[in-house]
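# Reading the structure
Read off the chains here:
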Amino acid sequence: MARTKEFDPEAALQAALELFWRRGYEATSMADLVDHLGIGRASIYATFGSKHELYLKALERYQERLPDLLGELSQPGPVLPAVRALVRRYADEATAENLRLNGCFITNTAAELAPHDPAAARQVERNWDHLETVLHSGLVRARAQGELPEDRDPLTLARMLLVLLQGLKVVGKASPDPARVRDAAEQALALLD
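Small disclaimer: the values here were computed from a predicted structure and weren't measured.

## Comments concerning the UniProt feature "domain: HTH tetR-type" (unreviewed entry) in the chain
- Per the UniProt record, the feature "domain: HTH tetR-type" (unreviewed entry) sits at residues 6-66.
- Along residues 6-66, the helical share is 74% and the strand share 0%, with 29 Å between the first and last C-alpha atoms.

## Focus on the UniProt feature "DNA-binding region" (unreviewed entry) in the chain
- Mapped onto the present numbering, the UniProt feature "DNA-binding region" (unreviewed entry) falls at residues 29-48.
- Helix makes up 80% of residues 29-48 and strand makes up 0%, while its end C-alpha atoms are separated by 15 Å.

## Brief notes about the environment of alanine 94
- As for its placement among the helices and strands, alanine 94 is situated in helix α6 (residues 80-95).
- When the C-alpha positions of alanine 94 and leucine 165 are compared, they lie 9.3 Å apart, and in sequence the two are 71 residues distant.

## What to know about the packing of helix α10 (residues 154-174) against helix α11 (residues 178-190)
- Running from N to C, α10 and α11 point in directions that differ by 170°, and their axes come no closer than 10 Å. Here α10 is positioned roughly antiparallel relative to α11, judged by the angle of their axes. Only Arg180, Val181, Ala184, Ala185 and Ala188 of α11 make contact with α10, whose side of the interface consists of Met160, Leu164, Leu168, Val171 and Gly172.
- Of the residues in the contact of α10 with α11, the class split is eight nonpolar, one polar and one charged.

Basis of the calculations
- Residues numbered from 1 in each chain as written.
- Predicted model: local features only at pLDDT ≥ 70, side-chain atom pairs only at ≥ 80, totals over all residues.
- Heavy atoms only, no water.
- UniProt positions renumbered as here; feature names shortened; annotations may be inferred.
- Helix = DSSP H or I, 4+ residues; strand = E, 2+ residues; numbered from the N terminus.
- Axes fitted to C-alpha atoms, helices over the stretch in contact; angles between N-to-C directions.
- Parallel < 35°, antiparallel > 145°, perpendicular 65-115°, else oblique.
- Contact = heavy atoms within 4.5 Å.
- Nonpolar A, V, L, I, M, F, W, Y, C, P; charged D, E, K, R; others polar.

Here's what the structure looks like:
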């Protein structure tokens, strides 16, 4: 007879996400996971696979819970106010004390694992492709509605904003000076005028 799980896999995955997000992949050992999740090593392996597989599942979970940017930027009416609000929200999150310490799990993964881990790199790229596509679509619509000057390339601007948003997360995590992040965000937004 099969044994029933004595733990909630969803809660365990969330706990693993929080630990990986706070400490990173390399600094989190299987012993750390066993202690933090409160379940045995064999149960972790049986439910999630290896530490690497658990990390990738945690990263997927993180991405599932990100705000609906497509919904935010596809509302009827002007688009640029929503783009500006998005950039400012990233800047605020990057400098908020409770969020600054962990940074962005995707950005952390890009820096720690993506250069040598193809599976992690694919997840990071998928996230960045989605963000770039959403920004590009919104900026195309903004230009069509006359909000964005005709000489501005929506794709190039979307890519610049993607890099800016990720950079805000990195600098916000490492710098105690919120003005550095906010000033950069405002200067980038001036390119939309």
